[in-house]
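Residue-level structure breakdown
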Amino acid sequence: MHKDDILTELKKVLPEEIIKVDEPLKRYTYTQTGGNADFYLSPTTFEEVQAINHIARINNIPVTYLGNGSNIIIREGGIRGIVLSLLSMDYIKVEDNVIIAGSGAAIIDVSRTARDESLTGLEFACGIPGSIGGAVFMNAGAYGGEVRDCIDYAVCVNERGELVQLTRDELELGYRSSIVQKQHLVVLEAAFNLTPGKQDEIQAVMDDLTERRESKQPLEYPSCGSVFQRPPGHFAGKLIQDSDLQGHRIGGVEVSTKHAGFMVNVDNGTATDYEDLIHHVQQVVKEKFDVELHPEVRVIGDHPEDE
C-alpha cells in the first residue's frame, strides 16, 4: 500500500495533528539514536488505538508500539509502517487506594502521585525512567521492588484489536517478563493497589533511593538504561567491570566508567555503535567467565542501507 493511500486511510479516523510522516525517531529515545518512522501516530484514546490497529490489520501494515524510549535502541534505518506512540495517554487517576494510569504516563510520576496521596508501594519506581506500558511489559523493578508487587490489573489490546483486561496473576509477571511480551499484547492502562502510609516516611524512602541512583548511575549522558539482564548467580555490571571493559568505546558509545551495567552515548554514537559494543561485551564476558549475557534493552528497526 502506497504511503499516500495509508495517509488517506489514517486521516479518515484520526485527527490530523496526531499524524506525523517520516518522523525522526531519535527525538523519542533516551539514546538519541534512530532513523525515521514512515508514520508516527500519537493517539489519546483506546478507540483511536483500535482504529489504527484495524487499518493496519486489513492493509497488512506493520505496527510498532513505542513508550518513552528509555530501554530501547532504534537503528538508523528507521521503522517501516506505523510507529504508534502511547505517550499522549498519560493520565493518572486516584480512586481510594488504587492509582489508575494510562500507558504513556511516566512511572516516576505515578510514584510521586502515590506519595502525594500518602500511598506506599511504588517507592521503588521513583527513579525508573520508563512509561507505565513499558514497566508492565517488562515487569520493571529496582531496589528490591517490582511492578508485580503492586499491580492490580492491566487493560491491553491484542493483535486482533480487542481490549482485554488481565489480573495480576493473568499477567504472569516474572523477571523482566510478562504475558504481554509472550502474546504480543500492548498495555493501554494499568491499576496499582497500594497501602495507606505516612507521606514523610514515603518521601524519606524515595530520597534515599534517588541519592543511591544518582551516585551510581551515569545520568549525565544519554543511555538506554541497564543493558543486560542479571545472569543467574552473577551481576552483569560486576562481570563487565571484572573484564576490564569500563571505558571501552566503539564509535561514540562506551561502557560507563561510573556503572559497568550501562552504555552511554558520549560522542554522537549510533545504534550500530551500541549493537557492536553489546556484542563485544557479550563475547569478552563469555570468554573470560563462561557466562552468557542477555540484553535487557530491546533493539529494533532497520539497519542503515549502506550496511
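Residues numbered from 1 in each chain as written. Predicted model: local features only at pLDDT ≥ 70, side-chain atom pairs only at ≥ 80, totals over all residues. Heavy atoms only, no water.

Considerations on the overall build of the chain
A count of helical and extended segments in the chain gives eight helices and 19 strands. Here the C-alpha atoms of the chain give a radius of gyration of 20 Å, agreeing with the 19 Å that 2.2 N^0.38 yields for 307 residues. Seen along its three principal axes, the alpha-carbon backbone of the chain occupies a region of about 55 × 55 × 30 Å. Relative to all contacts within the chain whose residues are 6 or more apart in sequence, the contacts with residues 24 or more apart total 64%. Surface accessibility of the chain: about 14400 Å² in total, with carbon and sulfur atoms responsible for 45%. (Helix = DSSP H or I, 4+ residues; strand = E, 2+ residues; numbered from the N terminus. Rg over C-alpha atoms; globule rule 2.2 N^0.38 Å. Contact = heavy atoms within 4.5 Å. Areas by Shrake-Rupley, 256 points an atom, 1.4 Å probe, with all protein chains shown as cover.)

Focus: the sheet that holds strand β17 (residues 253-255)
Across the sheet, four strands lie side by side as β15-β18-β17-β16; this open sheet has antiparallel pairing. A single partner strand is all that each edge strand has here, and the edge strands are β15 (223-226) and β16 (249-250). Examined bridge by bridge, β17 and strand β18 (residues 262-265) share three bridges and lie antiparallel to one another. When the sheet's bridge partners are listed, Val255 is paired in β18 with Met263. (Pairing = 2+ DSSP bridges.)

Details of the pairing of strand β13 (residues 186-193)
Counting buried positions along β13 yields seven of eight residues, so the element is predominantly enclosed. Judged from the five bridges that link them, strand β7 (residues 98-102) and β13 form a sheet pairing that is antiparallel. Directly across from Ile99, in β13, lies its bridge partner Phe192. (Buried < 20%, exposed > 50% of the residue type's maximum accessible area, 1.4 Å probe, protein only.)

What to know about the packing of helix α3 (residues 107-116) against helix α6 (residues 199-216)
If you want to describe how two helices pack, look at the angle between their axes and the distance between the axes. Closest axis-to-axis distance for the α3/α6 pair is 9 Å, and the angle between their directions is 150°. Relative to α6, the element α3 is oriented roughly antiparallel. Residues Ser111, Arg112, Arg115 and Asp116 of α3 pack against Gln199, Ile202, Gln203 and Met206 of α6. Across the contact of α3 with α6, the residue classes break down as two nonpolar, three polar and three charged. (Axes fitted to C-alpha atoms, helices over the stretch in contact; angles between N-to-C directions. Parallel < 35°, antiparallel > 145°, perpendicular 65-115°, else oblique. Nonpolar A, V, L, I, M, F, W, Y, C, P; charged D, E, K, R; others polar.)

Brief notes about the UniProt feature "domain: FAD-binding PCMH-type" (unreviewed entry) in the chain
With numbering aligned to this structure, UniProt lists the feature "domain: FAD-binding PCMH-type" (unreviewed entry) at residues 33-197. Helix makes up 20% of residues 33-197 and strand 35%, with an end-to-end C-alpha separation of 41 Å. (UniProt positions renumbered as here; feature names shortened; annotations may be inferred.)

A short note on the UniProt feature "active site" (unreviewed entry) in the chain
As annotated by UniProt and renumbered to match this structure, "active site" (unreviewed entry) occupies Arg176, Ser226 and Glu296. Sequence-wise these annotated residues cover 121 residues; spatially they are packed, their C-alpha atoms never more than 11.7 Å apart. Inspection of the secondary structure puts Arg176 in the loop between β12 (163-167) and α5 (179-182). Here Arg176 falls in the buried class, since its relative accessible area comes to 16%. Those residues in contact with Arg176 that lie beyond four places of it in its chain are Met138, Asn139, Ala140, Gly141, Gln181 and Glu296.

Regarding helix α8 (residues 271-289)
Side chains that are three or four residues apart share a direction in an α-helix, a result of its 3.6 residues per turn. Counted at 1.5 Å a residue, the expected span for α8 with its 19 residues is 27 Å, and the 27 Å between its end C-alpha atoms agrees. Taken together, the buried positions of α8 are occupied by Ala271, Thr272, Asp273, Tyr274, Glu275, Leu277, Ile278, Val281, Val284 and Val285. Phi turns positive one or two residues past the end of α8, at Asp290, with a value near 55°. (Expected span 1.5 Å × (residues − 1).)

Some remarks on the environment of Ile61
In this structure, Ile61 sits in the loop between α2 (46-58) and β3 (63-66). The sequence separation of Ile61 and Tyr143 amounts to 82 residues, and the corresponding C-alpha distance is 40 Å.

Describing the side chain of Ser42
Residue position: Ser42 is located in the loop between β2 (36-41) and α2. On the basis of relative accessible area, Ser42 is assigned to the buried category, the value being 16%. Setting aside residues up to four positions removed in sequence, Ser42 forms contacts with Ile18, Ser85 and Ser88.

Describing the packing of aromatic side chains
Summed over all chains, the structure comprises one aromatic pair. Plain terms: the ring middles of Tyr28 and Tyr40 are 4.2 Å apart, the flat faces sit at 15° to each other, and that makes the pair stacked. One end of the pair, Tyr28, is in the loop between β1 (19-24) and β2; the other, Tyr40, is in strand β2, and twelve residues separate them in sequence. Across the pair, Tyr40 and Tyr28 agree in class, each one buried. Over the ring of Tyr175 we find Arg230, and its NZ or CZ is 4.8 Å from the ring centre. (Phe/Tyr/Trp six-rings, centres within 6.5 Å; stacked < 30°, edge-to-face > 60°. Lys NZ or Arg CZ within 6 Å of the ring centre and 35° of its normal.)

Some thoughts on the pattern of salt bridges
Going through the model one piece at a time under the given rule, you end up with 22 salt bridges. Of the charged contacts in the structure, one is a salt bridge between Lys3 and Asp22, with a shortest N-O distance of 2.6 Å. Of this pair, Lys3 sits in helix α1 (residues 3-13) while Asp22 sits in strand β1, and the two are 19 residues apart along the sequence. Glu9 is the partner of Lys12 in a salt bridge, and the nearest nitrogen-oxygen pair spans 2.9 Å. Taken together, the residues span about one helical turn, with Lys12 and Glu9 both in helix α1 at a distance of three residues. Owing to a relative accessible area of 23%, Glu9 belongs among the partly exposed residues under this scheme. One salt-bridge network, held together by shared partners, links Lys3, Asp22, Asp38, Arg80 and Asp302. (Salt bridge = Lys/Arg side-chain N within 4 Å of Asp/Glu carboxyl O.)

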